Amino acid sequence: MFQQVVNGALLATGFEDVIDPSTAAAFQRSPVATADELDSAVAAARAAQPGWAALDWNSRAEHLTQLADAIDREIGWIAALQSMEQGMPYSQSLAFTQYMAARVRLLATFRVPDRVLVDDDTRRVVECWHPLGVVAAIAPWNGPLMLGMVKVASALIGGNTIVLKPSELTPLSTLEIARLGIGILPDGVFNAVAGGRLVGAAMVAHSGFDKISFTGSTATGIAIAKQSAAFLRPMTLELGGNDAAILLPDGSIDDLVAAAAQTGFSNCGQFCAAIKRIYAPAALVEEVGAKLAAVADGFVIGSAFEPGVTLGPIQNKAQYDKVRAIVADSLVAGGRVLSGGTPLDRPGYFFPPTVIADLTDGARLVDEEQFGPVIPVVGYDAVQDVVDRVNAGPYGLTASIWTTDLARGEAIAAQLAVGSAAINRHAAFDPQIPFPLIKQSGMGVDYADHGIKGAMRMQAVTTIKPQRA
Ligand code: NAD
């Protein structure tokens, strides 16, 4: 039985089904936090926070490293659970889980030292950093462990405690990791509750939190921001995106296609910063489309534990229905399917990697975040026009430019209103690289010392030195 972790103890009362996306049938039950259980988690986190903050950075890092070690010891089971609930092939889940544990270790090495700004005969001015207190962390289903545990490590290393809620669609692997933390972290430092929108909304409405860290859809992010206004409380919101890859005439089509497959097809494109649309010079659309279609056709689709599988199902029915509707709209809008295009005839939410040409801005697949394994290849005549079109959209998560003219690539990056731009790579995710969130893709900065400072408050301390007469 899977249980929540509150104050170092296992706790569960209400339960709801967890669906296996490869069969569309329930395979497990997850607890659902009651109001009392949420209150207990917040109270435990508040009680534990001063003691945790009083430890020095190295001691907190040691606890986090021990948690990462415990994850590594149970890695097969944790990765299998993530595969069962999320649908991703086991080999991929294993790699993500190993990478997640490595990120926890790496984030534990960051420090945010106080900074002496002035120290002269008359005064000393110090920029001091203190933990905010208790963080409410709410995670989505597309990369449950990675997205949740980066929040945990970033908050804890700075001296905060946390209550983490995974998505109701993928709660189990996160609850298991929280269980592993019992006895490694002091009680109350890392609490995990489960449940869906109502539990998330109750967290956001709870006065016991000092910060909200949310990853999920833009619609939910806006709802959270509205609700949080009453508290004037710091928030980090990592929301949706419609990430463009812009190929210049001299760019490597092969490298772009590999990145599109890795981010936009793997994990069924359910990756916040996936390549979600490719803009190619009009004369290169056929070549890009053909190469991408060939890679798409090479995926082996199946459930997480079938041998040789490289692509699982879409994670949930709502997302599966959305992808199918967007593909249907693409056909009405004049799109030409180069690969895929129709769901697999088997139970579960299987949809093949799909490449669609002949669309342009205005079609849903180009304008919206599809969050599925479907990529449009859109032709362009003038790159400035593409920059203007990308900037005109609501999102600003990431974009990439593919060119051998690096100076030109950087000049185009500077014009793009996105938090992260990459040249000859897409989604340069790395805990050491800040991940700024702008426009309707969110607010705040994740990763690197910025991510840790996001759960800390700056205090300016001025000391006037006594003057000799
Ligand atoms: P979602 O907004 O439906 O749910 C996310 C989480 O919020 C879940 O835990 C859910 O239970 C909770 N929730 C739902 N309603 C809530 C409310 N009113 N108040 C508080 N919590 C609430 O998002 P999703 O469908 O799980 O995730 C997919 C979205 O996440 C995509 O749009 C994707 O782009 C985005 N995403 C963004 C990033 C990023 O770094 N920018 C990373 C991953 C995913």
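Preceding this section is the structure that the text describes.
Let me begin by describing the structure that accompanies this report. (Residues numbered from 1 in each chain as written. Predicted model: local features only at pLDDT ≥ 70, side-chain atom pairs only at ≥ 80, totals over all residues. Heavy atoms only, no water.)

1. Let's talk about the site of the ligand
Taken together, 29 residues form the shell around the ligand, and within it Ser217, Thr220, Glu238, Leu239 and Glu369 come nearest. Here Ala139 contributes a backbone N or O atom positioned 2.7 Å from an oxygen atom of the ligand. Thr220 is positioned with one of its side-chain polar atoms (N or O) 2.7 Å from an oxygen atom of the ligand. About the coverage of the ligand: the protein hides 89% of its 850 Å² of free accessible area. A molecule is said to occupy a pocket when more than half its atoms come within 2 Å of that pocket's grid points, and by this definition the ligand occupies the largest pocket. Secondary-structure elements contributing two or more residues to the shell around the ligand are α7 (197-204), β10 (211-215) and α8 (218-228). In terms of residues, the shell around the ligand owes the most to one element, α7, which gives four residues. (Near = heavy atom within 4 Å. Polar contact = N/O pair within 3.5 Å; in protein donor to acceptor, adjacent residues only side chain to side chain. Areas by Shrake-Rupley, 256 points an atom, 1.4 Å probe, with all protein chains shown as cover. 1 Å grid on protein atoms, 1.4 Å probe; cavity = no way out; pocket = protein on both sides within 12 Å on 5 of 7 lines; lining within 4 Å. Sits in = over half its atoms within 2 Å of the grid points. Helix = DSSP H or I, 4+ residues; strand = E, 2+ residues; numbered from the N terminus.)

2. A few points about helix α13 (residues 383-392)
Within α13, burial applies to Val383, Val386, Val387 and Val390. Taken down its axis, α13 places every buried residue within 100 degrees of arc, on the same side. As for α13, its buried residues are in contact with β12 (244-247), β13 (277-281), β16 (374-380), α14 (406-415) and β21 (438-439). (Buried < 20%, exposed > 50% of the residue type's maximum accessible area, 1.4 Å probe, protein only. Arc of directions from axis to C-beta. Contact = heavy atoms within 4.5 Å.)

3. Overview of the packing of helix α3 (residues 75-86) against helix α4 (residues 90-107)
In contact at an axis separation of 8 Å, α3 and α4 are set at 120 degrees when each is read in the N-to-C sense. When the interaxial angle is binned, α3 and α4 end up oblique. Crossing angle aside, the handedness with which α3 passes α4 is right-handed. On α4, the residues touching Ile75, Gly76, Ile78, Ala79, Ala80, Gln82 and Ser83 of α3 are Tyr90, Ser93, Leu94, Phe96, Thr97 and Gln98. Here the residues of the contact of α3 with α4 sort into seven nonpolar, six polar and no charged. (Axes fitted to C-alpha atoms, helices over the stretch in contact; angles between N-to-C directions. Parallel < 35°, antiparallel > 145°, perpendicular 65-115°, else oblique. Left-handed = near helix turned anticlockwise from the far one by under 90°. Nonpolar A, V, L, I, M, F, W, Y, C, P; charged D, E, K, R; others polar.)

4. Regarding the pairing of strand β8 (residues 161-165)
It is a general feature of regular strands that their side chains alternate between the two faces of the sheet. Extensive coverage of β8 is indicated by the burial of five of its five residues. Residues Thr161, Val163 and Lys165 of β8 are buried on one face, and the alternating residues Ile162 and Leu164, pointing to the opposite face, are buried as well. Direction of pairing for strand β7 (residues 134-138) relative to β8: parallel, over a ladder of five bridges. By the bridge assignment for β8, Val135 is matched with Ile162. Note that β8 and strand β9 (residues 190-192) share three bridges and pair parallel. If you follow Val163 over to β9, its bridge partner there is Asn191. (Pairing = 2+ DSSP bridges.)

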